[in-house]
Amino acid sequence: MNDLVRYERRDGIALITIDNPPVNAIAHAVRQGVMAALDRAAADGAAHAVVIACAGRTFIAGADISEFDKPRGKPDLPEVVSRIEGMDKLVVAAIHGTALGGGLETALGCHYRCALASARVGLPEVLLGLLPGASGTQRLPRLVGVEAALDMMISGKPISAAEAREKGIIDEIIEGDLVDGALAYARRLVGARAPIRRIRDLAVDASRLPKDFFADYRQRIARQTRGYFAPERIVQCVEIATRLPLAEGHRLERELFEQCKASTQSVALRHLFFAEREVAKIPDIPKDTPQRPIARVGIVGAGTMGGGIAMCFANAGLPVTVLEVDAAALERGLGTVRRNYEISASRGRLSEAEVRQRMGLIEGALEDGALADADLVIEAVFEDLGLKEQVFARLDAVCRPGAVLATNTSTLDLDRIARATRRPADVIGLHFFSPANVMKLLEIVRGAQTSPEVIATAMGVAKIIGKIGVLVGNCWGFVGNRMFGQMIRENQMMQLEGVPPERIDRVAEEWGMAMGPNGVFDLAGIDIDVKVRRGRPDKPDDPTWCRVSDLLFEHGRLGQKTGSGFYRYEEGSRTPIPDPLVHDLIRAEAKRLGVARREIDDAEIIERMFYALINEGALILEAGHALRPGDIDVIWVNGYGFPRYRGGPMRHADAVGLGEVLAGVERYRGRYGDRYWRPAPLLERLAREGGTFTGWQR
Ligand code: 3HC
Ligand code: NAI
């Protein structure tokens, strides 16, 4: 039919095979090929039924996302789906791997669906800011009922073949070879004169829906979908499906699909889809760079981070040895790990046997020698350069040659740490985020001498433990924390100017941040910020700089752990309560420092925090500490609770317009001077040229 779609006949059954690696996205040429193959099957007098299958690792994984920015080529996917459904010969979909989005919609156009037991099916469009646009919102409720269809489309999560079979999406599970099994199944159906079943002929059974079902459903998903554009439109489509015939419902679905596709949210989420895959590509480290095998892991320090990191590896089935200074610290650390696992078990996320198995993989130690046969050692002791240098000198003495030596430092100079060893090429930063067993991000810090093999190994380690590894350069705070520092500076300056911390948090959260910066500080511990900033080599000579943190620290308000910080907390509660005492302290301090109080509106709160962040991102990019703007976006979305639907700070800057961002930076420069608000040259240049960060190439 063409290079991407093959037609053949096997014992009376037409077999259409799509072969568009890597994931059989149903691109324009594939759609043309399938249409031609269907014509041929229709005209082939010796073909009594049709099987649609895919070569390679998966059934169709959806529409080709890279085509969304181009004009839609004919035939479009809805035409293909309706052509399949309209066939007079029985059509069977043969599914392996994942049938996702347009892939599942194609299968729903087929009259029967069979699959390998390992297959999964789903409608993940919502994760791209879209809704299923090839009649999925109309067909799935007809097939599985309103609520199950909504749940699949709102979560975007694929389900297993077994579950799909139970729901009626899959009719037959095939054992052994899929194509042979599917052909045999088609023959059986023909032999039994099975009817041609068309979903378009089914009505949605809305009679059993409780009154107010849709209002209740909206309420139920409100929290999870806060700020997102597509979910409400998915619900609207399903409501339509309960009232209108499929063709009419599909017309409305199409309109809403186009609205979603054109939304800044979908552009942002598609950008993240590709950015999250691109982070794995490092220009000077080819894909075939050898990786060192990692079978045993050592961790130094069983505190907040060391314990969480140990869990990451135990969860992946790797044995871990955790080294501490004394038995009490070790017991405390391992006790916390056990408690965390038990909490998961009590919520039904782990079985008791799994808790035992994972704890069984974690062993404590008090002697350096216990790390002698580790393939990877991750240091997570206090954030103190001298201490880390000592630890690395000791690791150098005991670890076997070829072991990867990593530090979880969040700010310190990796090259200084590496120089404490005689093997700086084996030293790398693995910067986890708290809680380490939960947060997806892993900043992988490359030192001046880190070897390509060690970098490739670290990227592989991220995969093993299910993290998104992003390679960054060695500078104070690396990428995430260096940018966060700018945001914090403005946040605290605005507090001196009269904005209460809780208002800043509220505005940031309404804007989409998972948590406001002051709540984050109370959670992480204000003392951590204070100590880290004290060690900073480039501290500005400015008494107002992050003064509020220092002030709270001086008053023993360290955050949740002391029951007070930017907020106060009732005994045993984590609910932040605004505290007039804090307002008074800040007001007095502003007076002492001579900071004028002024009215600041919500727009300024957002601009000052996020323009400061973006400007720093541009400096980081130019300096090469991040490889691509998308890498920065991936860091912020996966490590700092930046709203996914804004695509990350650099993509958000593009959406605002770089001219506008630059004008804002210049405005604040006019008011506060050059120290913090000098525009990054890259921002200036791109704004002048009408460019974007995401379109920028080094
Ligand atoms: N379109 C274009 N490219 C795609 C793609 C798609 N739908 N799905 C995956 N790719 C590309 C990836 O970018 C990657 O490219 P690279 O190798 O150059 O980086 C390559 O295929 C392999 O992808 P992964 O690295 O993600 O491979 P995995 O094996 O880890 O995962 C997958 C495979 C589960 C299929 C995963 O790729 C995935 O979830 N894909 C997206 C599925 C999706 O969202 N489908 C819905 C699309 S929207 C739609 O169908 C609209 C319709 O309703 C009209
Ligand atoms: P922590 O204070 O909770 O734990 C540090 C642990 O190291 C303590 O249990 C201590 O007994 C142990 N330790 C100290 N010296 C040791 C030595 N010589 N040998 C063995 N163990 C020793 O500290 P936390 O928060 O876990 O931080 C550890 C590192 O992780 C720091 O570098 C920090 O900057 C970094 N980090 C912290 C994050 C956080 O949110 N807490 C986030 C990301 C990185």
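Before any of the text, the structure's been laid out above.
Every value quoted in this text rests on a predicted model; they were computed, and no experiment measured them. (Residues numbered from 1 in each chain as written. Chains lettered and ligands numbered in written order. Predicted model: local features only at pLDDT ≥ 70, side-chain atom pairs only at ≥ 80, totals over all residues. Heavy atoms only, no water.)

1. Considerations on the overall build of the protein
Here's step 1: Secondary structure summary: the protein contains 29 helices and 19 strands in total.
Here's step 2: Over its C-alpha trace the protein gives a radius of gyration of 28 Å, about what one expects of a compact globule, namely 26 Å for 698 residues.
Here's step 3: Along the first, second and third principal axes, the C-alpha atoms of the protein reach 90 × 60 × 50 Å.
Here's step 4: Of all intrachain contacts in the protein linking residues separated by at least 6 positions in sequence, the fraction that spans at least 24 positions is 74%. (Helix = DSSP H or I, 4+ residues; strand = E, 2+ residues; numbered from the N terminus. Rg over C-alpha atoms; globule rule 2.2 N^0.38 Å. Contact = heavy atoms within 4.5 Å.)

2. Digging into the sheet that holds strand S7 (residues 120–122)
Here's step 1: The mixed open sheet is built from three strands, whose spatial order is S5-S7-S8. Each end of this open sheet is capped by a strand with a single partner; those strands are strand S5 (98–100) and strand S8 (159–160).
Here's step 2: Here three bridges tie S5 to S7, and the two strands are oriented parallel to one another. Residue pairing across strands places Thr98 opposite Arg120, the latter belonging to S7.
Here's step 3: Sheet contacts for helix H3 (residues 102–109): S5 and S7; angle to S5, the most-contacted strand, approximately 90 degrees. (Pairing = 2+ DSSP bridges. Axes fitted to C-alpha atoms, helices over the stretch in contact; angles between N-to-C directions.)

3. Considering helix H13 (residues 327–346)
Here's step 1: The first and last C-alpha atoms of H13 sit 28 Å apart over 20 residues, in line with the 28 Å expected at 1.5 Å per residue.
Here's step 2: When we look at burial in H13, the residues that qualify are Ala329, Leu330, Gly333, Leu334, Val337, Tyr341, Ser344 and Ala345. What you see down the axis of H13 is that its buried residues fit within an arc of 165 degrees, all on one side. Residues of H13 that are exposed and point more than 90 degrees away from the buried face comprise Glu331, Arg332 and Ser346.
Here's step 3: Taken together, the buried residues of H13 touch helix H12 (304–315), strand S11 (320–323), helix H14 (352–361) and strand S12 (362–365).
Here's step 4: Just downstream of H13 lies Gly348, where phi reads positive at about 80 degrees. (Expected span 1.5 Å × (residues − 1). Buried < 20%, exposed > 50% of the residue type's maximum accessible area, 1.4 Å probe, protein only. Arc of directions from axis to C-beta.)

4. Points about the sheet that holds strand S15 (residues 427–432)
Here's step 1: With mixed pairing, eight strands are arranged side by side in an open sheet as S12-S11-S10-S13-S14-S15-S16-S17. The two strands at the open ends of the sheet, each matched to only one other strand, are S12 and strand S17 (468–473). Adjacent strand axes in the sheet meet at a mean angle of 25 degrees when their direction is disregarded.
Here's step 2: Most of the contacts of helix H17 (residues 452–464) go to strand S16 (residues 441–446), to which it runs at about 175 degrees, and overall it touches strand S13 (376–379), strand S14 (404–407), S15, S16 and S17.

5. Here's the deal with the packing of helix H4 (residues 136–144) against helix H5 (residues 146–155)
To describe two helices that pack against each other, one gives the angle between their axes and the distance between the axes.
Here's step 1: Interaxial distance between H4 and H5 falls to 7 Å at its minimum, and their mutual angle equals 135 degrees. In this view, H4 runs oblique relative to H5, as classed from their interaxial angle. Of the two possible hands of crossing, H4 and H5 adopt the one that is right-handed. Residues Gly136, Thr137, Leu140, Pro141 and Val144 of H4 touch H5, and the partners they reach there are Val146, Ala148, Ala149, Met152 and Met153.
Here's step 2: Partitioning the contact of H4 with H5 into residue classes produces eight nonpolar, two polar and no charged. (Parallel < 35°, antiparallel > 145°, perpendicular 65-115°, else oblique. Left-handed = near helix turned anticlockwise from the far one by under 90°. Nonpolar A, V, L, I, M, F, W, Y, C, P; charged D, E, K, R; others polar.)

6. Describing the site of ligand 1
Here's step 1: Near ligand 1 you find 24 residues, and of these Arg57, Glu105, Glu125, Arg277 and Lys281 are the closest.
Here's step 2: The contact in question runs from an oxygen atom of ligand 1 to an N or O atom on the backbone of Gly133, over 3.1 Å.
Here's step 3: Of all the secondary structure elements, the ones that give two or more residues to the shell around ligand 1 are S5, H3 and helix H11 (264–278).
Here's step 4: For the shell around ligand 1, the class distribution of residues is 13 nonpolar, five polar and six charged. (Near = heavy atom within 4 Å. Polar contact = N/O pair within 3.5 Å; in protein donor to acceptor, adjacent residues only side chain to side chain.)

7. A few points about the nonpolar core
The nonpolar side chains of a soluble globular protein tend to be buried, and buried together.
Here's step 1: Counting 92 residues, the largest nonpolar core has Leu395, Phe610, Ile632, Trp636, Leu683 and Phe693 as the members making the most contacts within it.
Here's step 2: The contacts of Trp636, once residues within four sequence positions are left out, are Gly480, Met483, Phe484, Met487, Met513, Leu613, Gly641, Phe642 and Pro649.
Here's step 3: Among the nonpolar cores identified, the runner-up in size contains 71 residues, and Ile60, Met87, Leu104 and Val121 belong to it. (Core = buried A, V, L, I, M, F, W, Y, C linked by side-chain atoms within 4.5 Å.)

8. Here we look at the state of the cysteines
Here's step 1: Taken as a whole and assessed by the stated rule, the structure comprises zero disulfides.
Here's step 2: Distance from the sulfur of Cys312, which forms no disulfide, to the nearest cysteine sulfur (Cys399) is 20 Å.
Here's step 3: By relative accessible area, Cys312 is classed as buried at 5%. (Disulfide = S-S within 2.5 Å.)

9. Looking at unusual backbone geometry
Here's step 1: Residues Pro21 and Pro22 are joined by a peptide bond in cis, for which omega reads 5 degrees.
Here's step 2: Look at the link from Ser434 to Pro435: it is a cis peptide, with omega at -10 degrees.
Here's step 3: With respect to the helices, strands and loops of the structure, Pro435 is situated in the loop between S15 and S16.
Here's step 4: A positive phi angle is found at Arg193, which is not glycine, with a value near 50 degrees.
Here's step 5: Among the secondary structure elements, Arg193 is positioned in the loop between helix H7 (178–191) and helix H8 (213–221).
Here's step 6: In this structure, Phe478 takes a positive phi of about 55 degrees despite not being glycine.
Here's step 7: Structurally, Phe478 is set in the loop between S17 and helix H18 (480–496).
Here's step 8: We classify Phe478 as buried; its relative accessible area is 1%.

10. A word on a positive patch on the surface
Here's step 1: Together, Arg57, Lys281, Lys287 and Lys463 line one region of the surface with positive charge.
Here's step 2: Relative to the helices and strands, Lys287 resides in the loop between H11 and strand S10 (297–300).
Here's step 3: Residue class for Lys287 comes out exposed when judged on its relative accessible area of 87%. (Patch = residues over 30% accessible without salt bridge, like charges linked within 9 Å, V, L, I, M, F, W, Y side chains within 5 Å. Areas by Shrake-Rupley, 256 points an atom, 1.4 Å probe, with all protein chains shown as cover. Salt bridge = Lys/Arg side-chain N within 4 Å of Asp/Glu carboxyl O. Lys, Arg positive; Asp, Glu negative; His and termini not counted. Charge placed at Lys NZ, Arg CZ, Asp CG, Glu CD.)

11. Observations concerning the packing of helix H9 (residues 230–241) against helix H10 (residues 246–262)
Here's step 1: As a packed pair, H9 and H10 sit with axes 9 Å apart at the nearest point and diverge in direction by 175 degrees. Here H9 lies roughly antiparallel to H10, going by the angle between them. Here H9 contributes Ala230, Arg233, Gln236, Cys237 and Ile240 to the contact with H10, which in turn contributes Gly249, Leu252, Glu253, Leu256, Gln259 and Cys260.
Here's step 2: Looking at the contact of H9 with H10 residue by residue, the classes come out as six nonpolar, three polar and two charged.

12. Brief notes about the environment of Val121
Here's step 1: Counting through the fold element by element, Val121 comes out in strand S7.
Here's step 2: Given the relative accessible area of 1%, Val121 is considered buried.
Here's step 3: Taking C-alpha positions, Val121 is 9.8 Å from Ala107, a pair spaced 14 residues apart along the chain.
Here's step 4: If we skip the residues at most four places from it in the chain, Val121 touches Ile95, Ala99, Leu100, Leu104, Met152, Pro158, Ile159, Ala164, Ile169 and Ile170.

None of the figures reported here should be taken as evidence of function without further support.
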